[in-house]
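Working through the structure, step by step
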Amino acid sequence: MNLSEKLIVLIFAIAFDLLFGEYPSHFHPVVYMGTLGKLIDDKFNKTNLSNTLRLLFGAFALLIEIALFLSFSYIVLMLSQTKVSIIWFTSFLLKIYILKSTFSIRSLYEHVSRCYTDDVQLLRKNVSFIVSRDVSKLDKPHLYSAAIESLAENISDSVTGPLFYYLFFDLPGAVMYRVVNTYDALFGYRNSKYEWFGKFPARFDDLLNLIPSRLTALFISFFNPVSAWKYIFKYGAIKLNAMYPMSAFAGVLGIGFEKIGYYKLEGRLPEKEDVERALRLYVKVIALILSITVVSLIWIKL
């Protein structure tokens, strides 16, 4: 894909996301990305198997899925080289369709905006859709904290990561990132069922996010550098990747985060109004990320 077309595809994909959000689940590639993994999980991820075998099954599922989606991506790119107008136009639409599926801007905003409520039962329900922790006994400050933490962390997973790999490795890069991130979301848990089956996807995801997570923290820090970097230096290393954007977010907003029993960032826990402040910061950070990505593509072309 030449740079001009690469830029146009990106702009159309971003525009679609901002206007319409996510595809219906039946037409969303990400819905199908974990299909093979779930099948192998159901059939072969049994507690009576050795840890080594479960590790190999998880790695096999992910690598086969990467190969399948990368093959499809490369076929689409090859079709875009044709001189036949209808084939080229079809491949152009497919590139927009696939690229848009690798990132999520509007949907993340909408999910977190539903947490702007005083109704603790509704808040608990809405937070449960965006975090994996048990929210059943959390009070409102900890629920607001979980929502804002998820917002910050997912800027890297849902926006910076796929756009970073698209910028440097074109459509296959964004697709590979999304497959790996999807497997980590499905199987990357430290429990008896997925400690070994999900270990390879989790470590692969850690590797791919080393740069995007730190770039995201850098972008967030632009909006209050002194406070952001104070928090990043103090808390960033608590988790390999996720804590970098989370600590930067807490620093910029001047609030604390707490996941009970796991980590606590200094400062008062969030209130309802902080959800709105976090969403405003999110909009500014996304605008910065998109601008840098577009400008980078134009600069590379020049």
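The structure displayed is predicted, hence computed values, not measured ones.

A few points about helix α10 (residues 210–221)
- Compared with an ideal rise of 1.5 Å per residue, which puts 12 residues at 16 Å, α10 spans 17 Å between its outermost C-alpha atoms and is within 8% of the ideal.
- When we look at burial in α10, the residues that qualify are Pro212, Ser213, Thr216, Ala217, Phe219, Ile220 and Ser221.

Observations concerning the packing of helix α4 (residues 51–79) against helix α8 (residues 140–187)
- Look at α4 against α8: their axes get within 9 Å of each other, and the N-to-C directions meet at 155°. Between α4 and α8, the angle is such that the two are roughly antiparallel. Seen from above, α4 lies across α8 with right-handed handedness. Seen from α4, the contacting residues are Ala61, Leu62, Glu65, Ile66, Phe69, Leu70, Ser73, Tyr74 and Leu77; seen from α8, they are Asp170, Leu171, Pro172, Val175, Met176, Val179, Val180 and Tyr183.
- In the contact of α4 with α8, the residues fall into 14 nonpolar, one polar and two charged.

Some thoughts on the packing of α8 against α10
- Between α8 and α10, the shortest axis-to-axis distance is 9 Å and the interhelical angle comes to 110°. On the basis of the axis angle, α8 is roughly perpendicular to α10. Read as a crossing pair, α8 and α10 show a hand that is right-handed. Contacts from Ile155, Ser156, Thr160, Gly161, Phe164 and Tyr165 in α8 reach Ile211, Pro212, Ser213, Leu215, Thr216, Phe219 and Ile220 in α10.
- Of the residues that constitute the contact of α8 with α10, the class distribution is eight nonpolar, five polar and no charged.

Details of a nonpolar patch on the surface
- On the surface, Ile75, Leu79, Val84, Ile86 and Ile87 cluster together to form a nonpolar patch covering roughly 410 Å² of accessible area.
- Examined against the element boundaries, Ile86 turns out to sit in helix α5 (residues 85–102).
- Given the relative accessible area of 58%, Ile86 is considered exposed.

Focus: the environment of Leu18
- Following the sequence through the fold, Leu18 ends up in helix α1 (residues 3–20).
- Assessed through its relative accessible area of 42%, Leu18 is described here as partly exposed.
- Taking C-alpha positions, Leu18 is 15 Å from Leu288, a pair spaced 270 residues apart along the chain.
- Excluding its chain neighbours within four sequence positions, the residues that come into contact with Leu18 are Ile105 and Arg106.

Focus on the nonpolar core
- In terms of nonpolar packing, the biggest core is built from 86 residues, with Leu99, Val127 and Phe249 touching the most fellow members.
- Broken down by element, the residue count for this core peaks at 22 residues, all from α8.
- Residues in contact with Val127, not counting those within four places in the same chain, are Cys115, Val135, Leu143, Ala146 and Ala147.

Some points on the side chain of Asp17
- Relative to the helices and strands, Asp17 is located in helix α1.
- On the basis of relative accessibility, which here comes to 0%, the residue Asp17 falls in the buried class.

Some points on the pattern of salt bridges
- Taken as a whole and assessed by the stated rule, the structure comprises 14 salt bridges.
- Lys100 is paired through a salt bridge with Asp17; the nearest N and O atoms lie 2.7 Å apart. Of this pair, Lys100 sits in helix α5 while Asp17 sits in helix α1, and the two are 83 residues apart along the sequence.
- Beyond isolated ion pairs, a larger network of salt bridges with shared partners links Asp17, Glu22 and Lys100.

What counts and what doesn't
Residues numbered from 1 in each chain as written. Predicted model: local features only at pLDDT ≥ 70, side-chain atom pairs only at ≥ 80, totals over all residues. Heavy atoms only, no water. Helix = DSSP H or I, 4+ residues; strand = E, 2+ residues; numbered from the N terminus. Expected span 1.5 Å × (residues − 1). Buried < 20%, exposed > 50% of the residue type's maximum accessible area, 1.4 Å probe, protein only. Axes fitted to C-alpha atoms, helices over the stretch in contact; angles between N-to-C directions. Parallel < 35°, antiparallel > 145°, perpendicular 65-115°, else oblique. Left-handed = near helix turned anticlockwise from the far one by under 90°. Contact = heavy atoms within 4.5 Å. Nonpolar A, V, L, I, M, F, W, Y, C, P; charged D, E, K, R; others polar. Patch = residues over 30% accessible without salt bridge, like charges linked within 9 Å, V, L, I, M, F, W, Y side chains within 5 Å. Areas by Shrake-Rupley, 256 points an atom, 1.4 Å probe, with all protein chains shown as cover. Salt bridge = Lys/Arg side-chain N within 4 Å of Asp/Glu carboxyl O. Core = buried A, V, L, I, M, F, W, Y, C linked by side-chain atoms within 4.5 Å.

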